[in-house]
Amino acid sequence: MPHLLSPSKSRPFRLTLNTDGASHPIENTLSVATLVCGLVAFVTGFIPEAHILASWVGALGFGGGLYSQYVSATTAERSVNIVGIVAAFVGVSLGIYHGGFVP
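The rules behind the values
Residues numbered from 1 in each chain as written. Predicted model: local features only at pLDDT ≥ 70, side-chain atom pairs only at ≥ 80, totals over all residues. Heavy atoms only, no water. 1 Å grid on protein atoms, 1.4 Å probe; cavity = no way out; pocket = protein on both sides within 12 Å on 5 of 7 lines; lining within 4 Å. Points joined across faces, edges and corners; volume = space filled by probe spheres on them. Nonpolar A, V, L, I, M, F, W, Y, C, P; charged D, E, K, R; others polar. Phe/Tyr/Trp six-rings, centres within 6.5 Å; stacked < 30°, edge-to-face > 60°. Helix = DSSP H or I, 4+ residues; strand = E, 2+ residues; numbered from the N terminus.

The volume enclosed by the largest pocket comes to roughly 150 Å³. Class assignment of the residues belonging to the lining of the largest pocket gives a composition of two nonpolar, one polar and two charged.

Before going further, it helps to spend a moment on the packing of aromatic side chains. Scanning the model with the defined rule gives three aromatic pairs in all. Ring plane angle 70° and centroid distance 4.9 Å describe the contact between Trp-56 and Phe-101, whose orientation is recorded as edge-to-face. On the criterion of sequence distance, the pair formed by Trp-56 in helix 2 (residues 51-71) and Phe-101 in the segment after helix 3 (75-98) is long-range, its members being 45 residues apart. Each ring, one from Phe-62 and one from Phe-89, has its centre 5.9 Å from the other, and the planes form 45°; the classification is tilted. On the criterion of sequence distance, the pair formed by Phe-62 in helix 2 and Phe-89 in helix 3 is long-range, its members being 27 residues apart.

Pasting the structure below:
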């Protein structure tokens, strides 16, 4: 029976989206792009003068995030996608509230 308090020989922690051991460069890029678009839309959604940017980037992040979720290969990618999609949705909603897609 192994000792529960003994130090285990485990690998050091690494932050990766490739939790299955295979490389997914396209899916990872889509996930990160979704997160970036969502964060930009979320932040600019709170600035009334930036409603155009928030609306367009939020819509792009939301639509791209849905596609990215569809083609994602790992749970880590799906988690990043959900955070990005929700942030993009909030950003586009605030952008539309403050004036929408056009000046």
